[in-house]
Amino acid sequence: GDQVEQSPSALSLHEGTGSALRCNFTTTMRAVQWFRKNSRGSLINLFYLASGTKENGRLKSAFDSKERYSTLHIRDAQLEDSGTYFCAASNYNVLYFGSGTKLTVEP
Amino acid sequence: GGIITQTPKFLIGQEGQKLTLKCQQNFNHDTMYWYRQDSGKGLRLIYYSITENDLQKGDLSEGYDASREKKSSFSLTVTSAQKNEMAVFLCASSIHLGQGSTEVFFGKGTRLTVV
């Protein structure tokens, strides 16, 4: 069954605004990764967290293993942020993927 | 740093054909994976391997074989290509820490089209 539920499936933002993506897990996970799929279909590593929060530029991610969720916050969205974002949670070396969030940033 | 190289980048096959995808990594990682990505869906695990000659089935192993010939390489075989099948196959690798979890790195993918 699906171990990772990612929401929303699609998100539209105006430039300069922000929002959050969320993944809920049906079981306890040891770590989470967030990826962005580029135009060629390659997965770009954004964050890896075993706990707590990490920030990189306009992106910030949090992972709470006990509460079984992770979030990815985007602030001051830019046109080049458009793309599909995936969360993936790992347990014993196997990654379980969410179904993705298609982000569209509009002028 | 390191790199994961998948070959070929594009693969066109015929229905019923046996097709092999290759993956090499120079991270010196222990664990390697094969995932399949279909349009509009998340990645699904086909096979993974935690060391040379090891093989573990994922959720989507039926219809595939895999082989971990050496630590740096992991190949995937589609045993009988299905007509009109289109998907991207992604190879990945990570350090193995017993029952722990570590960051996973992905290759750029092999795009399969079956005619």
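Given the structure is predicted, the values throughout are model-derived calculations rather than measurements.

Calculation criteria
Going along each chain's sequence as written, the residues are numbered from 1 onward. Chains carry letters and ligands carry numbers; both start at the beginning, A for chains and 1 for ligands, and go up in the order they are written. With pLDDT at 70 or above as the cut-off, local features in this predicted model cover only qualifying residues; side-chain atom pairs require 80 or more to be listed or tallied, and sums for whole chains, interfaces and linings still use all residues. With hydrogens and water set aside, each side-chain value is computed from the structure's full complement of heavy atoms. Any two cysteine sulfur atoms lying within 2.5 Å of each other are counted as a disulfide. Secondary structure follows DSSP: runs of H or I at least 4 residues long count as helices, runs of E at least 2 residues long count as strands, and numbering of each begins at the N terminus. Categorising residues by exposure relies on relative accessible area from a 1.4 Å probe, with only protein chains included: less than 20% of the type maximum marks a residue as buried, more than 50% marks it as exposed, and the intermediate range marks it as partly exposed. Contact between two residues is taken to exist if any of their heavy atoms lie within 4.5 Å; hydrogens are not considered. Computed with a 1.4 Å rolling probe, the buried area is the accessible surface lost when two parts are put together, summed over both parts. Here, a salt bridge means any Lys or Arg side-chain nitrogen found within 4 Å of an Asp or Glu carboxyl oxygen. Whenever two N or O atoms come within 3.5 Å, that pair is a polar contact, provided that in protein one can donate a hydrogen and the other can accept it, and provided that, for residues adjacent in sequence, both atoms are side-chain atoms. Classification convention: Asp, Glu, Lys, Arg as charged; Ala, Val, Leu, Ile, Met, Phe, Trp, Tyr, Cys, Pro as nonpolar; all other residues, Gly among them, as polar.

Caption draft 1: Expanded view of the state of the cysteines. Across all of its chains, the model carries two disulfides over all chains by this definition. Sulfur-sulfur distance for the disulfide between A:Cys23 and A:Cys87 comes to 1.8 Å. Residues A:Cys23 and A:Cys87 are joined by a disulfide whose S-S torsion is about -100°; by sign, that bridge is left-handed. Of this pair, A:Cys23 sits in strand β3 (residues 19–25) while A:Cys87 is found in strand β9 (residues 83–91), placing the two residues 64 residues apart along the sequence. The exposure classification of A:Cys23 matches that of A:Cys87, with both residues buried. B:Cys23 shares a disulfide with B:Cys91; S-S distance 1.9 Å. Where B:Cys23 bonds to B:Cys91 through sulfur, the torsion about that S-S bond is close to -80°, and the disulfide is left-handed. Of the two residues, B:Cys23 is situated in strand β3 (residues 19–25) and B:Cys91 in strand β9 (residues 86–94); the sequence distance between them amounts to 68 residues.

Caption draft 2: Quick peek at the interface of chain A and chain B. Chain A puts 20 residues into the contact, and the matching count from chain B is 28 residues. Surface buried jointly by chain A and chain B totals about 1900 Å² across both partners, of which 49% is contributed by carbon and sulfur atoms. For the pair chain A and chain B, the interface holds zero salt bridges. Counting across the chain A and chain B interface gives four residue pairs in polar contact (both at pLDDT 80 or more). Going through the elements one at a time, β4 (31–37), β5 (43–49), β9 and β10 (94–97) of chain A are the ones with two or more residues in the side of chain A that touches chain B. Considering only residue class, the side of chain A that touches chain B consists of nine nonpolar, eight polar and three charged.

Caption draft 3: Layout of the side chain of B:Glu85. In this fold, B:Glu85 is placed in the loop between β8 (73–78) and β9. Once residues within four sequence positions are removed from consideration, B:Glu85 is found in contact with B:Arg36, B:Tyr64, B:Leu112, B:Thr113 and B:Val114.

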